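Now for the letters of each chain:
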Amino acid sequence: MKYSALNLAWHGLRNHGGWPPAWRHASPKPSYDVIIIGGGGHGLGAAFYLASQHGITNVAVLEKGWIGGGNTARNTMTIRDNFLYPDNARFHRAAVESWHTLSNDLNFNIMLSKRGMTTVLMSDRDLSDAKRMVNTTSLFGAEHRIITLEELRKRLPLAESPERLPIVGGIHHPDVVIARHDAVAWGYARAASKLGVDIVENCEVTDILCDAQGVTGVQTSQGKITTRKLGMAVAGHGKQVAAMADVHLPIESVPLQAMVSTPVKPILDNVVVLRGFNTYFMQSDKGELVMGSAADPYPSYSQRGTPQIPEATIAAILQVFPVFERMQFMRQWAGVLDITYDNSPIISKTEVDGFYVDVAGSGGFKTTPLAAIMHADLIANNRPDPLIEAYGLERFSSGRLILERASYGNR
Amino acid sequence: MIFIHCPHCGDRNEDEFAYGGDVEHRRPDDPDAMSDAQWCEYIYCVPNTKGWAKEHWWHVRGCSRWILVERNSINNELRRTDEDSDRE
Ligand SMILES: [Zn+2]
């Protein structure tokens, strides 16, 4: 069924009782042309593009839990492209653009909302660092500029300059958008399912089967399934899953925390970054303040994280926005990131023929559509698009790393 | 986690400590004898154990000594070892 205003009105009149399920709950067939491990935005997206752009519809997405229940549900929805290295800047610039048509492509409202991001600078060091960053990113086409204290006050009237760390200026980045993260998974699932993709939930991959020619299939909690092409789009446990095919991924698992307040009426439109505190926050469409900061200082698989981080995050926000002092704290959680040594993603073939990976996005929500397009293209054509050549696994042995510092997975 | 037991200082807040890596991730004795692939594996493929592992921790904002701690990476539960690490 196509979603439309007419449909909505019709079902509204009938009390919304007659909507069909958005996607089929499939049981696995014995064999597929392509299997994708991981039913988050990246995995469902890859399946959708395999079907829609490459005509490969005999595809299954295997998800251990329920779709969109992993890091797709645990991120802070912010989509930005302020990266400093050419390969990353090009990729993330294109990634931001790939969001704009998504609601139309999927016939599903992902609630894209153009907020803009304002970075608060609180020392001369922040300011000179910001100038370097703005100059670098504008070389790659990102619309980024330094703003004066007056303009910052206009954009963020609630900000107050703390005496010990007075605000000296800001950066404005108009292209930053937010999107409803759950809707991304649901929209891809619905659109892929419609094209014939099987979405299999509660199906954990327990082994990857290979012979001398490469991948032959997977062993799962719902039995053995054969395939010659296997894509992996998992977060938090990329190392463990790839190890089933004897592929050693150079990643470490680190919690990245987020937290939200109870919802209040609209009070803040921009995404705010407090540069010196490594902290950012915004108000979601639901009205909650969504807050986050740097990754935990040690690796872990704990989806809770260390308590130092929320404490420091809230202290930082209250220094500059004392108006939020009486906000009620609602929830706090962590998403486990797969982080590479260079903080850059891996979208790559592996040494096992037919086994492809899209992992280590270091906060990979923002790249979902483009990474999925590239992963699908890689699986279909068995060679990387120029946009992802730099994200190959071979960069670790060749030494051509992309030592990006602009991601939240900073070491 | 919150508190880490330092054999010299007792139970101290975790933010006094810095993580120093898994003890299994040892620098090879003879790097020259290794292939590029093995060296690459050592540099970039840390053990990243899910579950219990023995680790180096540095009491950097305390007595400044390196100690060994056992930690379960699933829930950050700790076991004290009362051992010093061989790092300096
Ligand atoms: Zn001590």
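Rules behind the numbers
- Residues numbered from 1 in each chain as written.
- Chains lettered and ligands numbered in written order.
- Predicted model: local features only at pLDDT ≥ 70, side-chain atom pairs only at ≥ 80, totals over all residues.
- Heavy atoms only, no water.
- Helix = DSSP H or I, 4+ residues; strand = E, 2+ residues; numbered from the N terminus.
- Buried < 20%, exposed > 50% of the residue type's maximum accessible area, 1.4 Å probe, protein only.
- Contact = heavy atoms within 4.5 Å.
- Areas by Shrake-Rupley, 256 points an atom, 1.4 Å probe, with all protein chains shown as cover.
- Lys, Arg positive; Asp, Glu negative; His and termini not counted.
- Charge placed at Lys NZ, Arg CZ, Asp CG, Glu CD.
- Donors = N, O, S within 2.8 Å, 3.2 Å for Na, K, Ca; no water.
- Tetrahedral: all angles 85-135°; square planar, octahedral: opposite > 155°, others 65-115°.
- Phe/Tyr/Trp six-rings, centres within 6.5 Å; stacked < 30°, edge-to-face > 60°.
- Buried area = accessible area lost by both parts, 1.4 Å probe.
- Salt bridge = Lys/Arg side-chain N within 4 Å of Asp/Glu carboxyl O.
- Nonpolar A, V, L, I, M, F, W, Y, C, P; charged D, E, K, R; others polar.
- Axes fitted to C-alpha atoms, helices over the stretch in contact; angles between N-to-C directions.
- Parallel < 35°, antiparallel > 145°, perpendicular 65-115°, else oblique.
- Left-handed = near helix turned anticlockwise from the far one by under 90°.
- Domains from an automatic or database assignment.

S.K.: I would appreciate a short explanation of the overall build of chain B in the present structure.
M.R.: Broken down by element type, chain B carries one helix and six strands. Helices and strands appear in chain B in the N-to-C order β-β-β-α-β-β-β. If one aligns the C-alpha atoms of chain B with their principal axes, the spans along those axes are about 45 × 30 × 20 Å. Scored against the burial criterion, the 88 residues of chain B give a buried share of 38%. Long-range pairs, those at least 24 residues apart, make up 48% of the contacts in chain B between residues at least 6 apart in sequence. Summed over all atoms, the accessible surface of chain B reaches about 5200 Å², with 43% contributed by carbon and sulfur. When the 11 positive and 19 negative side-chain charges of chain B are each reduced to one mean point, those points stand 5 Å apart.

S.K.: Looking at this structure, how should I read the coordination of the zinc ion?
M.R.: As a benchmark, a tetrahedral metal site with four donors has ideal angles of 109.5 degrees, while an octahedral site with six donors has ideal angles of 90 or 180 degrees. Residue and element names in this part refer to chain B. Here the zinc ion is held by the protein donor atoms C6 (SG), C9 (SG), H59 (ND1) and C63 (SG), which lie 2.0 to 2.3 Å from it. Considering all four donor atoms around the zinc ion, the spread of angles at the metal, 105 to 114°, places the coordination shape in the tetrahedral class. Read from N- to C-terminus, the donor residues coordinating the zinc ion fall into the pattern C-x2-C-x49-H-x3-C. For C9, a relative accessible area of 33% translates into the label partly exposed.

S.K.: Quick question: what am I supposed to make of the packing of aromatic side chains here?
M.R.: Centre distance and the angle of the planes are the two values used to describe a pair of aromatic rings. Scanning all chains against the criterion turns up 16 aromatic pairs over all chains. Judged by centre distance (5.2 Å) and plane angle (70°), the ring pair of Y298 of chain A and W57 of chain B falls under edge-to-face. With one member in each of two chains, Y298 of chain A in the loop between β17 (289-293) and α9 (308-320) and W57 of chain B in strand β4 (residues 52-58) form a pair that bridges those chains. As far as the burial class goes, Y298 of chain A and W57 of chain B line up, both buried. Taken together, the aromatic side chains of Y3, W19 and F108 of chain A make up a single cluster linked through ring pairs.

S.K.: It is not clear to me how the interface of chain A and chain B should be interpreted in this structure. Could you clarify?
M.R.: In many reports, interface size means the accessible area that the parts give up when they come together. Contact residues are listed per partner, giving 22 residues for chain A and 20 residues for chain B. Roughly 1800 Å² is buried in total at the junction of chain A and chain B, and carbon and sulfur atoms are behind 55% of that figure. Taken as a group, Y298, Y301 and Q308 of chain A account for 30% of the area that chain A buries against chain B, more than any other trio of residues on that side. Counting the contacts that link chain A with chain B gives zero salt bridges. Here the element with the most residues in the side of chain A that touches chain B is strand β14 (residues 251-261) of chain A; it accounts for three residues. Grouping the amino acids of the side of chain A that touches chain B by side-chain chemistry returns eleven nonpolar, nine polar and two charged.

S.K.: Any chance you could explain the packing of helix α2 (residues 41-54) of chain A against helix α10 (residues 368-381) of chain A here in plain terms?
M.R.: Helix-helix packing: each pair is described by the crossing angle between the helix axes and the interaxial distance. All names here are of chain A. Two numbers describe how α2 lies on α10: the axes approach to 8 Å, and their chain directions differ by 55°. Here α2 is positioned oblique relative to α10, judged by the angle of their axes. By crossing handedness, the relation of α2 to α10 is classed as right-handed. Within the contact between the two elements, α2 uses G41, H42, G45, A46, Y49, L50, Q53 and H54 and α10 uses T368, P369, A371, A372, I373, H375, A376, D377, I379, A380 and N381. For the contact of α2 with α10, the residue count by class is ten nonpolar, eight polar and one charged.

S.K.: How do you make sense of the domain arrangement of chain A when you look at a structure like this?
M.R.: Residue and element names in this part refer to chain A. Here the domain parsing of chain A yields domain 1 (24-78 + 181-250 + 342-398) and domain 2 (116-176 + 253-340). Residue-level contacts link 23 residues of domain 1 with 19 residues of domain 2. Of the roughly 1500 Å² buried at the junction of domain 1 and domain 2 (both faces included), carbon and sulfur atoms supply 52%. At the surface where domain 1 touches domain 2, the tally comes to zero salt bridges. Mapped by element, the contributors of at least two residues to the side of domain 1 that touches domain 2 are α8 (238-243) and α11 (395-398). Taken together, the residues of the side of domain 1 that touches domain 2 break down into seven nonpolar, 13 polar and three charged.

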